[in-house]
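# Report on the structure
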Amino acid sequence: MSPDTWSLLDGKAERARRSWTETKSALPVGKRVRARVLVAMPFGVFVEIDVQPDALGLVEIAALPRGGELPAIGVHLDLVVVNHADHNWQARLRPATEAAG
């Protein structure tokens, strides 16, 4: 991963920390959201959530369709909030179609 990617996530993580209480209120478990892929990692993708741009969302690879490639940076996804990771200020998400089934 490039240094530019780390700086993007570091800045996003700080904003996520500062807005964590608001984020949890705005993104309750089960809420459907639309998000844009920011960074692809071996374990999943970090996303920016349209309705809560200071939030940091993570879609873990286990939640994505098997056998496919990770979504490309900039792609928009329809997702559902599955939990909140208080220790690193992340909304954990799954594709809306996967969460419904």
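I will try to describe carefully the structure that is included in this document.

Parameters and conventions
Residues numbered from 1 in each chain as written. Predicted model: local features only at pLDDT ≥ 70, side-chain atom pairs only at ≥ 80, totals over all residues. Heavy atoms only, no water. Helix = DSSP H or I, 4+ residues; strand = E, 2+ residues; numbered from the N terminus. Buried < 20%, exposed > 50% of the residue type's maximum accessible area, 1.4 Å probe, protein only. Contact = heavy atoms within 4.5 Å. Areas by Shrake-Rupley, 256 points an atom, 1.4 Å probe, with all protein chains shown as cover. Phe/Tyr/Trp six-rings, centres within 6.5 Å; stacked < 30°, edge-to-face > 60°. Salt bridge = Lys/Arg side-chain N within 4 Å of Asp/Glu carboxyl O. Pairing = 2+ DSSP bridges. Axes fitted to C-alpha atoms, helices over the stretch in contact; angles between N-to-C directions.

Bringing the overall build of the protein into the picture now. Assigned secondary structure in the protein consists of 3 helices and 5 strands. Secondary structure elements of the protein, listed N to C terminal, follow the sequence α-α-β-β-β-β-β-α. Put simply, the protein has 101 residues, and 39% of those count as buried. Taking all contacts inside the protein whose residues are at least 6 apart in sequence as the whole, residues at least 24 apart take part in 61%. When the accessible area of the protein is evaluated, it comes to approximately 5,700 Å², of which 52% is carbon and sulfur surface.

Okay, the packing of aromatic side chains next. Per the stated rule, a full pass over the model turns up 1 aromatic pair. Each ring, one from F43 and one from F46, has its centre 5.9 Å from the other, and the planes form 85 degrees; the classification is edge-to-face. Residue classification places F43 among the partly exposed positions, given a relative accessible area of 40%. You can call F46 buried: its relative accessible area is 7%.

Before going further, it helps to examine the pattern of salt bridges. Under the defined criterion, the tally for this structure stands at 8 salt bridges. Residue R15 pairs with D54 through a salt bridge whose shortest N-O separation is 3.6 Å. Of this pair, R15 sits in helix α1 (residues 3-18) while D54 sits in strand β3 (residues 52-60), and the two are 39 residues apart along the sequence. Owing to a relative accessible area of 34%, D54 belongs among the partly exposed residues under this scheme. A salt bridge links D78 to R34; the nearest nitrogen and oxygen atoms lie 3.1 Å apart.

So, on to the sheet that holds strand β2 (residues 44-49). Two orientations exist for strands paired in a sheet by backbone hydrogen bonds: parallel and antiparallel. Judged by pairing direction, the barrel is mixed, and its 5 strands sit side by side in the order β1-β2-β3-β5-β4 before closing back on the first. Along the sheet, successive strands turn relative to each other by an average axial angle of 50 degrees, direction set aside. Note: β2 against β3, 5 bridges, orientation antiparallel. Residue pairing for β3: I49 is matched across the bridge by Q52.

What follows concerns unusual backbone geometry. With a phi angle near 55 degrees, W89 is a residue other than glycine that sits in the positive phi range. Checked against the element boundaries, W89 lands in the loop between β4 (76-85) and β5 (90-95). A relative accessible area of 30% means that W89 is categorised as partly exposed.

Summarising burial for β5: 5 of the 6 residues are buried, a large majority. Of the pairings in the sheet, the one linking β3 to β5 comprises 4 bridges and is parallel in character. Residue pairing for β5: L58 is matched across the bridge by R92. Of the pairings in the sheet, the one linking β4 to β5 comprises 6 bridges and is antiparallel in character. Paired with V81 across the bridge in β5 is L93.

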